[in-house]
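A structural walkthrough
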Amino acid sequence: MLSPNDKKLEKLDPFYRPSMSKQKTSAEIISEARNALRAVGTQRPFTPRENQRKLFGPASSRTPENRPPSSFSLHASSFESSDSRPISGARLSPLELKPKAPASPSMEEEPCLAFPKPPVDPAKIRRISSARARLFRAASQGALLPDRTLPPAESKKTVESKETVVMGDPMVKINGIYLTDSNAVGHLKSHPLQLTYDGGFSEIKEQEMFKGTTSLPSHLRSGGDHGKRRSRASLCSHGSDLSGPHTRAVSKADVQEKETEIEVDEVFWNTRIAPILHQLEKEENIETICAACTQLHHALEEGNMLGNKFKRRSVLLKTLYKLVDIGSDLLSLKLAKIILALKVSRKNLLNVCKLIFKISRSEKNDSLIENDSILESLLGVLRSEDLQTNPEAFLYCMGAIKFISGNPRFLDEMISKDAVEILMNLIKQINENTKKCGTCLPNSGHLLVQITATLRNLVDSPLARSKVLSLSALPQLCTVMGQYVADKDVCTNIARIFSKLTSYHDCCVALANYSRCYALFLKLINKYQQKQDLVVRLVFILGNLTAKNNQAREQLSKEKGSIPTLLSLFHTFYQLDQCAEKRAAGAEQCQAPRPRAQAEDVLIKLTRVLANLAIHPGIGPALAANPRAVGLLLATLEHKSIEDCEELVINTTATINNLSYYQVKKSVIQDKKLYIAELLIKLLVSNNMDGILEAVRVFGNLSQHHDICDFIVQKNGWWIV
C-alpha cells in the first residue's frame, strides 16, 4: 500500500506537462459566435409639442379650405330658441276618419274625448246664470258670499289658512265664492299658484314665494293660462261617464297621478328654479352669476329636471343662451355644463360643443375645466348621442377632449371615466359604417384625427395600455389605417400610437401577432416614402417588432417586396442626407433638401431593422449576398464619422457584424472584407468605446481569413484585438 505522502506525489503532474484545458464542441463555438448577433436599439422618434391648440396642427396634410375651422364667433343668437326633435322625414299614412263608438263599457278611452250629450236643462242654465250674476255683484261691492257647506265625504281632511280654490265640474269655489271655470281662472291669473287634486275637486293654493322681493316675470312663474288648460283637462277628465266603473277608476287614478307629478314640478319650479332664473336675468356681477349657475345646476339635479323631458325646459334654455354673450370663460363653462345636462340636440348641441372647444383652446383655462368637471359632460356626449345625426358636434367635442388630454393632469381622470372604451367604441362604429357603405364617410377622417390624437396622449398611462390590450384595440386601429390609407394625418397619428405601444413588450407581442400589420406598414412606406414624419415611425415600429421576435422577422421578410421596399427607402433618405450635407457645405445643386437630422433619423431606424432581420438564419445569408444592401451600408460607413453621427455609425457596424457571421459563397461581405476592414480601422482608433466594441466584433468574424489577420498586423492593430 502507498503511504499518504506517496499518494500526494502520484497526483502531482510533472512540471513540464502542459495543462490541458477542456476543448469546446462545435456547437458551443457556433453558439458563442451567434451570441455576437444582436438586436439593435434606438430611441423613439421625437414628436414636437404644438405651440397652439388647433383641430389640425401645422404639419397637417389638410389645406385650410378642406378642413373645419378652429376659430369662429359664437353668440346667443347662434342658438335655436326651440330645441324640439328633428323631423324624421318619414311620410305618414293618412288617418281614417271613421268615428268609433266604444265596443263595451269596460274598454279604456282617452279621458278627454268629447261624446254627444243630451241638452242641458233650461232651469239648470238659469241657476248657473243667477249664480254668476250674484258673484259679480259681490265682487264689485268687495263682499264675499258665505261658503257652502260641503258633504263630509268631499271635504278635505286638513284645512290650510292660505287662499283656497275648489273647482268642480261646472263651478269653482274661492273662499266661499262660487265661480264659473272661466271667471275662476281669470281671478287666478295674477297669482303664482300650485294645483293639487283631491277626489273630484281641484284645489289651487297660493304660494308665498318671494317675501320681501319683487314679483317674478310672467314667463318664469306658473299659473295663468297654464292653470286654465289644467282645469279644462280636469273638467274633461271628470265629464266623461261612458266607460265602466272599473275602467273609470283606473283612468281617474292615472290622471290624478300625472297631475300630482305636474303639481310637484310646478311647486319646485316656483320655489327653487324661478328665483334663480330671475336673478340671472337681473344680475350683472360675473361671480354672482356663476354662483347662481352652480346653484341652478344643483337645483335641477335635485328636482330631477335634467334631460329633455322637462316641460319648462325651453324657458330655461332661453335664459341660459342669453348669458353666452357675456363672454366670460368661467361662466360659459358653467352654462355649457347645464345646457349639455338638458340634452340639447341638433344645432344647439353643435354650438355648445363649439363653446367648450373655444374655451379649451387656451391652456390657461385647464384649471377652470378641471374645477367644473366639464370632461364628464363631454364624454357623455360621445357616449349617448348619435354619431351620424350630428357628426360636426362630435368633431368639436373630440377636439376639446384632445386638448384636455394633452395635459398630464387629466389622464387619470379620463381613464377612470372610461375614455379609452368610449373612443374605441367610436372607432368601431366608424369602421362598421365604412364597411357597410364601401367607402369612407364624409368628414369621418376629421373626427378620426381627433380620436387618434387623443388616444396617442392616453397610451402614456400604463392603465390605458392595459385597456387597449383588453379591448383588442390594435386590430381596430390597423383596420382604420387600411381604410384611410389616403389620409396621412390619420395614419401618422396611429403610427405614433403604435410607436409608443410597441416600446412595451406585451403591446409589441400583441401587434406582432396581428399578421396583417406587416403588409399594411409596407404599403404605407411605399405610398409616403417622402414623408419623413410618417415613415420614420413606421420603420421604428418594424424595428420594435423584429427586435426579439424571430417569427416577426420571418413574417416581415415573407411579405411581397419587403426587402426591396426597405432598401428603396434606405436609398431615398441616403440621397436626401447627402443632399442636405452638400447644402450645408454651400452647394446649390440640390433642390429642396430635407433637414439632415431628419434624414439621419430614418437611416438609423432602417439600419436597425436590417440588423434585426439579419439575425434570422433564413434572412441573414440572403442579405449578406445582396449587393444593394451591403453597398448602402458600406456607403453610409464611408461617409459618416462616429463623431458626427454616433448612433448611425454604430447601428451600421452592428448590421455588418450580423451579416459577416454567415460564411456563404455569394456573400458580398466576404468579397469586400478587406475594404470593410479598412473602414473599421477608423473606429478602432477612435475614442468611442461602443464603436470600438462593434468594430472588434466584426474583426472577430472576418479574422477567420488569413488576409484579414495579415491586414491587422500590417496596421498595427493586433494589440487592440
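Residues numbered from 1 in each chain as written. Predicted model: local features only at pLDDT ≥ 70, side-chain atom pairs only at ≥ 80, totals over all residues. Heavy atoms only, no water.

- The name an unreviewed UniProt entry assigns to the protein is Armadillo repeat-containing protein 2 isoform X3, from the organism Ursus maritimus.

With respect to the environment of F310
- With respect to the element layout, F310 can be found in the loop between α7 (286–302) and α8 (313–322).
- If we skip the residues at most four places from it in the chain, F310 touches W269 and M305. (Helix = DSSP H or I, 4+ residues; strand = E, 2+ residues; numbered from the N terminus. Contact = heavy atoms within 4.5 Å.)

Some words on the packing of aromatic side chains
- Considering all chains together, one arrives at five aromatic pairs under this definition.
- Look at F357 and Y396: their rings are 5.2 Å apart centre to centre, the planes differ by 80°, and that puts the pair in the edge-to-face class. Of this pair, F357 sits in helix α10 (residues 346–360) while Y396 sits in helix α13 (residues 391–405), and the two are 39 residues apart along the sequence. Just as F357 is buried, Y396 falls in that class too. (Phe/Tyr/Trp six-rings, centres within 6.5 Å; stacked < 30°, edge-to-face > 60°. Buried < 20%, exposed > 50% of the residue type's maximum accessible area, 1.4 Å probe, protein only.)

Side note on the packing of helix α15 (residues 419–437) against helix α16 (residues 444–458)
- Axis separation between α15 and α16 bottoms out at 11 Å; the angle between their running directions is 150°. Judged by the inter-axis angle, α15 sits roughly antiparallel to α16. As for the relative orientation of α15 and α16, their crossing is left-handed in sense. Together, A419, V420, L423, M424, L426, I427 and I430 of α15 and S444, L447, L448, I451, T454, L455 and L458 of α16 make up the contact between the two elements. (Axes fitted to C-alpha atoms, helices over the stretch in contact; angles between N-to-C directions. Parallel < 35°, antiparallel > 145°, perpendicular 65-115°, else oblique. Left-handed = near helix turned anticlockwise from the far one by under 90°.)

So, the confidence of the model for the protein
- Residues of the protein with pLDDT of at least 70 account for 65%, and the chain-wide mean is 76.
- Below pLDDT 50 for its whole length, residues 104–115 participates in 22 contacts with residues either more than four positions away or in separate chains.
- A low-confidence stretch, residues 587–593 stays under pLDDT 50, and its non-local contacts, those more than four residues away or across chains, total seven contacts. (pLDDT = per-residue confidence, 0-100.)

Structural notes on the environment of I276
- Turning to its location among the elements, I276 is positioned in helix α6 (residues 245–282).
- Its relative accessible area of 5% is what places I276 among the buried residues.
- Residues I276 and A292, spaced 16 residues apart in sequence, show a C-alpha to C-alpha distance of 6.4 Å.
- Non-local contacts of I276, meaning those with residues more than four positions away in its chain, are made with A292, Q295, L296 and A299.

Notes on the pattern of salt bridges
- Counting across every chain of the model gives 18 salt bridges.
- A salt bridge links K467 to E421; its shortest N-O distance comes to 3.3 Å. Note that K467 is positioned in helix α17 (residues 462–470) and E421 in helix α15, a separation of 46 residues in sequence.
- Assessed through its relative accessible area of 25%, E421 is described here as partly exposed.
- Residues E600 and K640 are paired through a salt bridge, measuring 3.3 Å at the closest nitrogen-oxygen approach. With E600 in helix α25 (residues 596–614) and K640 in the loop between α27 (627–639) and α28 (646–660), this pair connects stretches of sequence that are 40 residues apart. The pair formed by E600 and K640 is uniform in burial state, with each residue classed as buried.
- The network of salt bridges with common partners includes R62, D487 and D489. (Salt bridge = Lys/Arg side-chain N within 4 Å of Asp/Glu carboxyl O.)

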